[in-house]
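# Understanding the architecture of this molecule
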Amino acid sequence: MIAEVGAGVQDWAPGDEVCALLAGGGYAERVNVAATQVLPVPKGVSITSAAALPETAATVWSNVVMTGGLGESQTLLIHGGGSGIGTHAIQVGRALGANVAVTAGGQYKLDRCRELGAQTLINYREQDFPAVVNAEYGGANVILDIMGGGYLAKNIEALAENGHVTIIGLQGGATAELNLGALLFKRGSVHATNLRRRPEQGPGSKAEIITELRQQLWPLIAKGAVKPVIAAEVPITDAAEAHRLLDSDQIVGKVLLTVREH
Ligand SMILES: NC(=O)c1ccc[n+]([C@@H]2O[C@H](COP(=O)([O-])OP(=O)(O)OC[C@H]3O[C@@H](n4cnc5c(N)ncnc54)[C@H](OP(=O)(O)O)[C@@H]3O)[C@@H](O)[C@H]2O)c1
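About the cut-offs
- In every chain, residue numbers begin from 1 and rise along the written sequence.
- This being a predicted model, a pLDDT of at least 70 is required before a residue's local features are given, and a value of 80 or more before pairs of side-chain atoms are given or counted; all residues contribute to the totals for chains, interfaces and linings.
- Only hydrogens and water are removed before side-chain values are computed, so all heavy atoms of the structure are retained for them.
- Here a salt bridge means any side-chain nitrogen of Lys or Arg lying within 4 Å of a carboxyl oxygen belonging to Asp or Glu.
- Secondary structure counts use DSSP, requiring at least four H or I residues in a row for a helix and at least two E residues in a row for a strand, with both numbered from the N terminus.
- What makes two strands pair is DSSP finding at least two bridges between them.
- Helix axes use the C-alpha atoms of the stretch in contact, all axes being lines fitted to C-alpha atoms, and the angles between their N-to-C directions lie in the range 0 to 180 degrees.
- The contact rule is simple, with two residues in contact once any of their heavy atoms fall within 4.5 Å.
- Nonpolar core, defined: a set of buried Ala, Val, Leu, Ile, Met, Phe, Trp, Tyr and Cys residues in which side-chain atoms within 4.5 Å join the residues together.
- Burial classification: accessible surface area is computed with a 1.4 Å probe over protein chains only, and a residue below 20% of its type maximum counts as buried, one above 50% as exposed, and the rest as partly exposed.
- Any residue with a heavy atom positioned within 4 Å of a molecule or strand is treated as near that molecule or strand.
- The definition of a polar contact used here is a pair of N or O atoms within 3.5 Å, where within protein one atom must be able to donate a hydrogen and the other to accept one, and adjacent residues in sequence count solely through side-chain atom pairs.
- Shrake-Rupley sampling with a 1.4 Å probe provides the accessible areas, and residues are treated as covered by the protein chains on show and by no other component.
- Residue type decides the class: Asp, Glu, Lys and Arg count as charged, Ala, Val, Leu, Ile, Met, Phe, Trp, Tyr, Cys and Pro as nonpolar, and the leftover types, Gly among them, as polar.
- An automatic or database domain assignment provides the domain bounds reported here.
- Note on terms: buried area is the combined drop in 1.4 Å-probe accessible area of two parts once they are placed together, counting the loss on both.
- Think of it as the arc spanned by the lines of direction from the helix axis to the C-beta atoms.
- Cavity and pocket criteria rest on a 1 Å grid covering protein atoms alone: a 1.4 Å probe that fits but cannot get out defines a cavity, protein on both sides within 12 Å along at least 5 of 7 lines defines an open pocket, and an atom within 4 Å of a point defines a lining residue.
- Grid points are joined across faces, edges and corners, and a volume is the space filled by probe spheres set on the points.

Right, let's talk about the pattern of salt bridges for a bit. In this structure the tally under the stated criterion is eight salt bridges. Across the salt bridge formed by Asp11 and Arg214, the nearest N and O atoms sit 3.5 Å from each other. Taken together, the positions of Asp11 in the segment before β1 (18–20) and Arg214 in helix α7 (residues 206–222) put the pair 203 residues apart, joining distant regions of the chain.

This brings us to the sheet that holds strand β5 (residues 120–123). Strand order in this open sheet of six strands is β5-β4-β3-β6-β7-β8, and the pairing throughout is parallel. Strands at the two margins of the open sheet, each flanked by one partner only, are β5 and β8 (189–192). Each strand of the sheet is rotated relative to its neighbour by a mean of 15 degrees, with strand direction disregarded. Pairing between strand β6 (residues 140–145) and strand β7 (residues 159–167): five bridges, direction parallel. Across the sheet, residue Ile143 finds its bridge partner in β7, namely Val165. Helix α1 (residues 54–67) contacts β3 (75–79), β6, β7 and β8 of the sheet and is inclined by roughly 160 degrees relative to β6.

The next subject is the nonpolar core. Counting residues in each nonpolar core, the largest one holds 42 residues, and the members touching the most others are Ile90, Val102, Leu213, Leu217 and Trp218. Elements with a minimum of two residues in this core: α1, β3, α2 (84–95), β4 (99–104), α3 (107–116), β6 and α7. By residue number, the principal contributor to this core is α7, which donates seven residues. Setting aside residues no more than four positions away along its own chain, Val102 makes contact with Leu77, Ile78, Gly81, Ile90, Leu110, Cys113, Ala118, Thr120, Leu121 and Ile122. Residues Val133, Tyr151, Leu152 and Ile167 belong to the second largest nonpolar core, which totals 16 residues.

Here the focus is the site of the ligand. Neighbouring residues of the ligand: 22 residues in total, closest Gly105, Lys109, Tyr124, Gln171 and Leu195. Note that a nitrogen atom of the ligand is positioned 3.4 Å from one of the backbone N or O atoms of Gly80. Within the side chain of Tyr151, an N or O atom sits 2.9 Å from a nitrogen atom of the ligand. Here the ligand has 930 Å² of accessible area as a free molecule, and 78% of this is covered by the chains. Elements with a minimum of two residues in the shell around the ligand: α1, α2 and β4. Each residue belonging to the shell around the ligand can be placed in one class, and the counts come to eight nonpolar, eleven polar and three charged.

Now for the domain arrangement of the protein. When its domains are assigned, the protein resolves into domain 1 (18–55 + 200–258) and domain 2 (71–192). Each of domain 1 and domain 2 has a C-alpha centre, and these two points are 23 Å apart. Of the residues lining the interface, 13 residues belong to domain 1; the matching set on domain 2 comes to twelve residues. Interface area lost by domain 1 to domain 2 is led by Val226, Val229 and Val252, which between them contribute 45%. Applying the counting criterion to the domain 1 and domain 2 interface returns one salt bridge. With a closest N to O distance of 3.6 Å, Lys109 and Asp249 form a salt bridge. Linking domain 1 with domain 2 are three residue pairs in polar contact (both at pLDDT 80 or more), by the criterion used here. Of the residues contributing to the side of domain 1 that touches domain 2, the split by class is eight nonpolar, two polar and three charged.

Taken residue by residue, α3 has Lys109, Leu110, Cys113 and Leu116 as its buried positions. The arc enclosing the buried residues of α3, seen along the axis, measures out at 115 degrees, which places them on a common side. Looking at α3, the residues exposed on the side facing more than 90 degrees away from the buried face are Tyr108 and Glu115. Buried residues along α3 sit in contact with α2, β4 and β5.

Moving on, we come to empty space enclosed by the protein. Under the defined criterion, the tally for this structure stands at one cavity of 30 Å³ or more. Volume-wise, the largest cavity comes out at about 60 Å³. The wall of the largest cavity is formed by Ala52, Leu53, Thr56, Gly84, Thr87, His88, Gln91, Lys227, Pro228, Val229 and Lys254. When residues of the lining of the largest cavity are assigned to their parent elements, the largest contribution, four residues, is made by α2. Grouping the amino acids of the lining of the largest cavity by side-chain chemistry returns four nonpolar, five polar and two charged. Mapped onto the domain boundaries, the lining of the largest cavity takes at least three residues apiece from domain 1 (18–55 + 200–258) and domain 2 (71–192).

Now the structure itself:
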């Protein structure tokens, strides 16, 4: 988007090409957002493609790096590798020097995950993901989970010692029985986070995440190690078609709503 800057705002000037973290909301041609939630369009990325980044990047970085502490040579397991979140997380994991394992429900998505850098491809309809991850890596140090209750027991089974499960989605339900003995045995932890409800400023805030993105992730994007993955661009006037695409579950990456040509 093109910035229109209010009085007293530093860092940004009217006419700057920027993208902003909105974390939920509706579709609009103009938005009002705190200056601390604004990022420059990364070098080498078009202003339209940049729209795919802020929410996805903030979700992945805050969970995988800031909470999960993923490091070089560790193992990251991503559920839903073909999702908007998953396709970004694969690239971030590899750019940080981690091993990346993904789950997906079909070969097309697994092939795209491999192209993006995932080394271990697990079809959750046919394979038992804890068995695969334990056999290949001795467990995952960080698990980025979108399934919630339905995967909790198996995620703990797939966890390495001192590992972190970070739950960001509840597609498999919000409740589950937790075997604390299994978690304790691995000295593991389970986190559940939500971007939308984070405060604007202060510890754990959106501003804190945006600062890290700008300092640490934006250089990785500028050098091409992490790219926006866009399944389709649809005019905002045809938003219903964008929803049909998402509902089809056949797409890999983000669907963008375009407002006007730049
Ligand atoms: N907490 C937060 O702050 C936050 C922020 C953003 C997004 N999210 C959540 O993150 C999730 C992903 O968001 P998105 O926009 O990237 O969604 P998306 O692109 O619509 O993808 C959803 C994915 O779920 C996968 N899936 C369905 N059942 C699965 C299973 N049993 N095991 C593994 N994967 C499975 C689907 O892949 P298959 O076709 O392979 O099944 C699909 O790729 C959503 O649950 C969303 O609510 C949370």
